[in-house]
Amino acid sequence: MSERAIRVELSYPADLSGWGRDKIDGSPFRAYLGKTHDTAAPGDVWTEFVGVGCCGDTLDFPLRVESVDGGTAVTEDTEFVYTEREACGVAGGWQVQSAAGPTE
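Just so it is clear, the structure is predicted and the values come from calculations on it, not from any experiment.

Whenever I open this one, the overall build of the protein confuses me. Can you help?
The number of helices and strands found in the protein is 2 helices and 4 strands. Along its sequence from the N terminus, the protein presents helices and strands in the succession β-α-α-β-β-β. Classification of the 104 residues of the protein by burial places 35% in the buried group. The contacts in the protein between residues at least 6 apart in sequence include a share of 71% that link residues at least 24 apart. Summed over its atoms, the accessible surface of the protein is roughly 6000 Å², and 48% of this surface lies on carbon and sulfur atoms.

In C-alpha cells, the structure reads:
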C-alpha cells in the first residue's frame, strides 16, 4: 500500500456558487472525500456532487487535485484544502431557495 497523503489541495471552478462552496467547506463533505477516494495524484479530476435537500436535485461539479503532500493513499486523516481555478460552466446553487430562484 502507498504512503498516506497528508494534505491534498483541490481546486474548484470559479463559478461554483457560494452555496456550493459552503457545502464543500463543511466537515461532512471533507469526511466524505476521505472515505470515497482511495488515492490522489496531481491532475486527477473527481466529479463530485452536493445534495440540495428536499427538492431532490444535485449540483455536480469537478474537483481537480492540484498537489499532494506525502504519499498517494487518501485516508480519513487526510487534510483537504481548496483553491479556486478558472470557471467551467457550472450552474450552481439551490435555485429554489436562492435569490436567483423563482419568485411568487
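Next comes the rest of the account.
Would you mind going over the packing of helix 1 (residues 18-25) against helix 2 (residues 27-36) with me for this structure?
Any two packed helices are characterised by how steeply their axes cross, that is the angle between the axes, and by the distance between the axes. Where helix 1 meets helix 2, the axes come as close as 4 Å, and the angle between the chain directions of the two elements is 60°. Seen from helix 1, the contacting residues are Lys23, Ile24 and Asp25; seen from helix 2, they are Ser27, Phe29 and Arg30.

Teacher, can you tell me more about the packing of aromatic side chains here?
Remark: the centre distance and the inter-plane angle together describe each pair of aromatic rings, the angle taken between the planes. In the structure shown here, the tally under the stated rule is 5 aromatic pairs. The interplanar angle of 40° and the centroid separation of 5.6 Å between the aromatic rings of phenylalanine 29 and tyrosine 32 together place this pair among those described as tilted. Note that phenylalanine 29 and tyrosine 32 are positioned in helix 2 at a spacing of 3 residues, about one turn of the helix. Exposure remark for phenylalanine 29: the relative accessible area of 7% places this residue in the buried category. Taking the relative accessible area as the measure of exposure, tyrosine 32 reaches 28% and is therefore partly exposed. Between phenylalanine 29 and phenylalanine 61 the ring centres are 6.3 Å apart and the planes differ by 35°, which places this aromatic pair in the tilted class. Of the two residues, phenylalanine 29 sits in helix 2 while phenylalanine 61 sits in strand 3 (residues 58-70), which places them 32 residues apart along the sequence. Looking at phenylalanine 61, the relative accessible area reads 1%, which means it is buried.

Can you help me understand the side chain of arginine 85 in this one?
Residue placement: arginine 85 occurs in strand 4 (residues 79-85). Ignoring any residue separated from it by four or fewer positions in sequence, one finds arginine 85 in contact with Ser11, Tyr12, Pro13, Ala14, Pro62, Leu63, Arg64 and Glu66.

So what exactly am I meant to see when it comes to the side chain of histidine 37 here?
Take histidine 37: it is sitting in the loop between helix 2 and strand 2 (45-51). Here glutamate 48 takes part through its side chain, which lies 2.5 Å from a polar atom of the side chain of histidine 37.

Could you clarify how one ought to interpret the environment of serine 17 in this entry?
With respect to the helices, strands and loops of the structure, serine 17 is situated in the loop between strand 1 (5-13) and helix 1. On the basis of relative accessible area, serine 17 is assigned to the buried category, the value being 14%. For serine 17, the side chain forms a polar contact with the main-chain nitrogen of glycine 20, separated by 3.0 Å.

Criteria and cut-off values
- Residues numbered from 1 in each chain as written.
- Predicted model: local features only at pLDDT ≥ 70, side-chain atom pairs only at ≥ 80, totals over all residues.
- Heavy atoms only, no water.
- Helix = DSSP H or I, 4+ residues; strand = E, 2+ residues; numbered from the N terminus.
- Buried < 20%, exposed > 50% of the residue type's maximum accessible area, 1.4 Å probe, protein only.
- Contact = heavy atoms within 4.5 Å.
- Areas by Shrake-Rupley, 256 points an atom, 1.4 Å probe, with all protein chains shown as cover.
- Axes fitted to C-alpha atoms, helices over the stretch in contact; angles between N-to-C directions.
- Phe/Tyr/Trp six-rings, centres within 6.5 Å; stacked < 30°, edge-to-face > 60°.
- Polar contact = N/O pair within 3.5 Å; in protein donor to acceptor, adjacent residues only side chain to side chain.

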